[in-house]
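Chain and residue survey
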Amino acid sequence: QSMIDIKPAPGWILAIPYIVPDSMFTSVKEVQGESMRSEIVAVGPDLIDDSGTTRKPDCKVGDIVIHKWLSEDFNIGTTKYRFVHFSDLRGVYKP
C-alpha cells in the first residue's frame with residue numbers, strides 16, 4: 001500500500017481497512033450498523049468542542065481500532081482510506 005500525505009482535521013483519524021488475521025475479533029462483523037476495524041495511518045489534532053473541552057485521541061498511528069460503521073471512505077489508486085471521528089472509536093486492540 002502506498003502512503004499519502006493527508007493530515008486529518010481536529011477530531012478525526014485517517015485509517016485503512018484492517019484485514020483480520022486468523023480468529024482475532026471473530027465477534028466483530030463488518031456489516032452496516034455494526035463495528036468495523038481499521039488501522040490508523042494518521043491522527044488529527046486534539047478536538048476542542050464548543051464548551052472548550054479538549055478531546056484527545058486514545059490511539060496512535062499503527063493502532064488497530066474498532067469503530068462504528070460511520071466512516072467516510074474514499075479510494076486513492078487501489079488503496080481504500082476512511083476518516084473516522086474520535087467519538088466513533090469504540091476500542092483499540094493492543095496485543
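Refer to the structure above for everything that follows.
If you're wondering where the values come from, they're calculated on a predicted model, not measured in any experiment.

**Quick notes on the overall build of the protein chain**
Across its full length, the protein chain carries zero helices and eight strands. Along the chain direction, N to C, the helices and strands of the protein chain fall in the order β-β-β-β-β-β-β-β. Each of the 95 residues in the protein chain was classed as buried or not, and the buried ones make up 34%. Only carbon and sulfur atoms are counted for the fraction: they give 51% of the accessible area of the protein chain, which is about 5900 Å².

**Things to note about the nonpolar core**
Counting residues in each nonpolar core, the largest one holds seven residues, listed as Ile13, Ile40, Cys59, Val65, Val84, Phe86 and Leu89. Residue contacts for Val65: discarding those within four places in its chain leaves Ile13, Met36, Arg37, Ser38, Ile40, Cys59, Leu89, Gly91 and Val92. Core analysis: the second largest hydrophobic core is formed by six residues, Leu14, Ala42, Tyr81 and Phe83 among them.

Rules of the game
Residues numbered from 1 in each chain as written. Predicted model: local features only at pLDDT ≥ 70, side-chain atom pairs only at ≥ 80, totals over all residues. Heavy atoms only, no water. Helix = DSSP H or I, 4+ residues; strand = E, 2+ residues; numbered from the N terminus. Buried < 20%, exposed > 50% of the residue type's maximum accessible area, 1.4 Å probe, protein only. Areas by Shrake-Rupley, 256 points an atom, 1.4 Å probe, with all protein chains shown as cover. Core = buried A, V, L, I, M, F, W, Y, C linked by side-chain atoms within 4.5 Å. Contact = heavy atoms within 4.5 Å.

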